[in-house]
Number of protein chains: 2
Amino acid sequence: MKIIVDGMGGDNSPQEIVKGSIDAIKELDVEIVIVGRKELIEKELTKYEFPIDRIEILNATEIISNDEEPVLAIRRKKNSSIVVGLEALVEGKGCGFVSAGSTGALLAGGLFIVKRIEGIERAALATVYPTIKGVSFLLDAGANVDCKPEYLRQFAIMGSIYCDKVLGIKNPKVGLANIGVEEGKGNKLVREAYKLIKESNINFAGNVEVRDIPEGVVDIIICDGFIGNVILKLTEGMAISIFSALKEEFTKSLKSKMGALMLKSQLKSFKERLDYREYGGAPLLGLKQPVIKAHGSSDAFAIKNAIRQVKNFVQRDVINIIEENINISK
Amino acid sequence: MKIIVDGMGGDNSPQEIVKGSIDAIKELDVEIVIVGRKELIEKELTKYEFPIDRIEILNATEIISNDEEPVLAIRRKKNSSIVVGLEALVEGKGCGFVSAGSTGALLAGGLFIVKRIEGIERAALATVYPTIKGVSFLLDAGANVDCKPEYLRQFAIMGSIYCDKVLGIKNPKVGLANIGVEEGKGNKLVREAYKLIKESNINFAGNVEVRDIPEGVVDIIICDGFIGNVILKLTEGMAISIFSALKEEFTKSLKSKMGALMLKSQLKSFKERLDYREYGGAPLLGLKQPVIKAHGSSDAFAIKNAIRQVKNFVQRDVINIIEENINISK
């Protein structure tokens, strides 16, 4: 299986991307096509020993930065690693694409170049959400800030299939993010989405109170991209604020400084549990081929995991299953 | 000044409500009308010494519970403490109303009985939001789950006036809750609200990233009631989850148990900072008279503070100032 990787995206490119790709070919029985500036990637590759026939470089001279307007960037930078990579995907040069680059550009490129599965109204960015118990899976994480109820129904179906097939969570429990648990709670969008999702052939647990989301009460959290992004960013902001405030409290007196020192390893293990960068990439669900957004700060380990996600995605036939389920359950 | 207090609302009624009212007449130079079951309130009053001419009881035999559908409850329970209290307010028997009862019923009653200020499209529930620096002020906290851009503009103006006049924050910094800071970020509602608020005569700081809200980067957070409630509930859920997870980590080993013990007082002081019940009541801004929702678990101290809020509300002429500013800045 050949997987295409954006060599230029993210904070640690191309070093960590190349290293993660090398690890993947050694551990995951895949071949890799790295897209990006040929001379830079070749230079990185000289650092490692690996079966030379399992890595290929596809030259792309441009890079799309996070600051660029996504749609314009995709249209203008025809020789960027994202555009070249996605076009190679469509041409069959690989069976999935991983990028740690601009989320917006990857989403725009996914929609324009790879295109949506027939019957899918919107592609959703699906990400892990760290909870006390482990992780939940949240979609849409920010791709669609204005949604219709039908989009949310489709997100629920796609999320269920992905969780079952790729993450191995059988019959995953799906909750609709809301401000109360009773049917009829929430704004117009979620009230109408509730009715549609209820009719779908998935394990719908009804509304999930946002207060309970950090406890990990459901496997999949469904919401529009605005709410999804609010939930993710506030979670991050709260974790950062609480830990910096605790640090401050802890350094107030000698007694608590000693206490803080003793608790250091416990605090670290707790912080790691909250760090969702640990969990690899976020798939763009609803596209005709697998596209995975790796975190911008991905290291080699995260890249290798994202490559593994693509492999599972393909082997477990996720896209065909989504297509079948979207159209029969309408 | 005479202030009307719902004697039957909240978890600690009538005991704490009566105690808070007694404290208020002693400390705040106000008179109190307590609404509720006469025999119960009289019995409570016998516990205290106080100037008898400064407290009056208004009999109301019914109670609206938190489980009742608010609009129906207001229509049917004409002899409930909320309906009797709000009607007394309109009849001029007092100049403001405090209740720790059902938020929904208080809001519905406020709209039907007290009514909105002319020019105000929606009344908003405005609440404090605990931050690392102290508190911010958030509206709408959940009264209006579906909003139009103009509502958000009005919330921004009302919030500014209230913060300045009642909370004493001069020229308060107003931020629009969003998923990015740049103009043009967010969903349709916030993009359009941004343009309207920008034209208003307030200290508008633009979008505030929800990630930064816990840091206390603005004085006032503007959002629709669905997002507002999501922000409040997720903040509460995160705080609860992080503290219970820390507790778990801390009790894993003897070493950390000792550390935890040493840090106990620091943790407590930190928890208190996050507990927004500390900060008293939430005004319903946009009504023709002051109505304050006290937290359901309010003790006498919180009730006294809510009564003080009404006093400031009246003395600083908040309602007239809102009315003037809404109509000139349109």
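Residues numbered from 1 in each chain as written. Chains lettered and ligands numbered in written order. Predicted model: local features only at pLDDT ≥ 70, side-chain atom pairs only at ≥ 80, totals over all residues. Heavy atoms only, no water.

### A closer look at helix H6 (residues 149–165) of chain B
Here H6 of chain B is 17 residues long and its end C-alpha atoms lie 25 Å apart, about the 24 Å a rise of 1.5 Å per residue gives. In terms of burial, H6 of chain B is largely enclosed, as 16 of its 17 residues are buried. (Helix = DSSP H or I, 4+ residues; strand = E, 2+ residues; numbered from the N terminus. Expected span 1.5 Å × (residues − 1). Buried < 20%, exposed > 50% of the residue type's maximum accessible area, 1.4 Å probe, protein only.)

### Some remarks on the domain arrangement of chain A
Residues and elements named next belong to chain A. For chain A, the assigned domains are domain 1 (1–120 + 286–321) and domain 2 (122–278). Contacts between domain 1 and domain 2 engage 18 residues on the former and twelve residues on the latter. Summing both sides of the interface, domain 1 and domain 2 together bury roughly 1400 Å²; the carbon and sulfur share of this comes to 70%. Along the contact surface separating domain 1 from domain 2 lie zero salt bridges. At the junction of domain 1 and domain 2, the tally comes to three residue pairs in polar contact (both at pLDDT 80 or more). Mapped onto the side of domain 1 that touches domain 2, the elements with two or more residues apiece are helix H5 (103–114), strand E11 (291–293), helix H10 (300–315) and helix H11 (318–328). (Domains from an automatic or database assignment. Contact = heavy atoms within 4.5 Å. Buried area = accessible area lost by both parts, 1.4 Å probe. Salt bridge = Lys/Arg side-chain N within 4 Å of Asp/Glu carboxyl O. Polar contact = N/O pair within 3.5 Å; in protein donor to acceptor, adjacent residues only side chain to side chain.)

### So, the pattern of salt bridges
Per the stated rule, a full pass over the model turns up 32 salt bridges over all chains. In this structure, the salt-bridge partner of Glu68 of chain A is Lys77 of chain A, at a minimum N-O distance of 2.8 Å. Owing to a relative accessible area of 23%, Glu68 of chain A belongs among the partly exposed residues under this scheme. Here Lys198 of chain A ties to Glu183 of chain A by a salt bridge, and the two come within 3.2 Å at their closest N and O atoms. Separated by 15 residues along the polypeptide, Lys198 of chain A in helix H7 (residues 188–198) and Glu183 of chain A in the loop between strand E7 (174–178) and H7 bring together distant segments of the chain. Several salt bridges converge on common partners, so that one network encompasses Glu209 and Arg211 of chain A together with Lys233 and Glu236 of chain B.

### Concerning the sheet that holds strand E10 (residues 282–285) of chain A
Residues and elements named next belong to chain A. Spatial strand order, E3-E2-E1-E4-E11-E10-E5-E6-E9-E7-E8: eleven strands in an open sheet with mixed pairing. Edge strands, defined here as strands with exactly one partner in the open sheet, are strand E3 (55–59) and strand E8 (204–209). Here the average twist between neighbouring strands, direction ignored, is 30°. Where strand E1 (residues 2–6) lies against strand E4 (residues 97–99), two bridges are found, and the strand directions are parallel. Across the sheet, Ile4 pairs through a bridge with Phe97, a residue of E4. The strands touched by helix H1 (residues 15–27) are E1, strand E2 (31–36) and E3; relative to E2, the strand with the most contacts, the crossing angle is about 165°. Its contacts with the sheet place H7 against E7, E8 and strand E9 (220–222), and it is angled at close to 170° to E7. (Pairing = 2+ DSSP bridges. Axes fitted to C-alpha atoms, helices over the stretch in contact; angles between N-to-C directions.)

### Quick look at the pairing of strand E6 (residues 135–139) of chain A
Residues in a regular strand point their side chains to alternate faces of the sheet. Residues and elements named next belong to chain A. For E6, the tally of buried residues reaches four of five residues, placing the bulk of the element in the interior. The sheet contact formed by strand E5 (residues 124–130) and E6 spans five bridges and is antiparallel. The residue bridging Tyr129 from the neighbouring strand is Ser136, located in E6. Linking E5 to E6, which pair antiparallel, is a turn of four residues. Inspection of the sheet shows E6 paired to E9 by three bridges, in the parallel sense.

### Overview of the environment of Arg122 of chain B
All names here are of chain B. Tracing the backbone shows Arg122 in the loop between helix H5 (103–114) and strand E5 (124–130). Setting aside anything within four residues of it in sequence, one finds Arg122 in contact with Arg116, Asn144, Tyr151, Gln154, Phe155, Met158 and Leu285. At 3.2 Å, the side chain of Arg122 forms a polar contact with the side chain of Tyr151.

### Points about the side chain of Asn229 of chain B
Here Asn229 of chain B is to be found in helix H8 (residues 225–250). Residue Asn229 of chain B is classed as buried on the basis of its relative accessible area of 13%. There is a polar contact of 2.9 Å between the side chain of Asn229 of chain B and the backbone oxygen of Ala141 of chain B. Setting aside residues no more than four positions away along its own chain, Asn229 of chain B makes contact with Ile179 and Val210 of chain A together with Ala141 and Gly142 of chain B.

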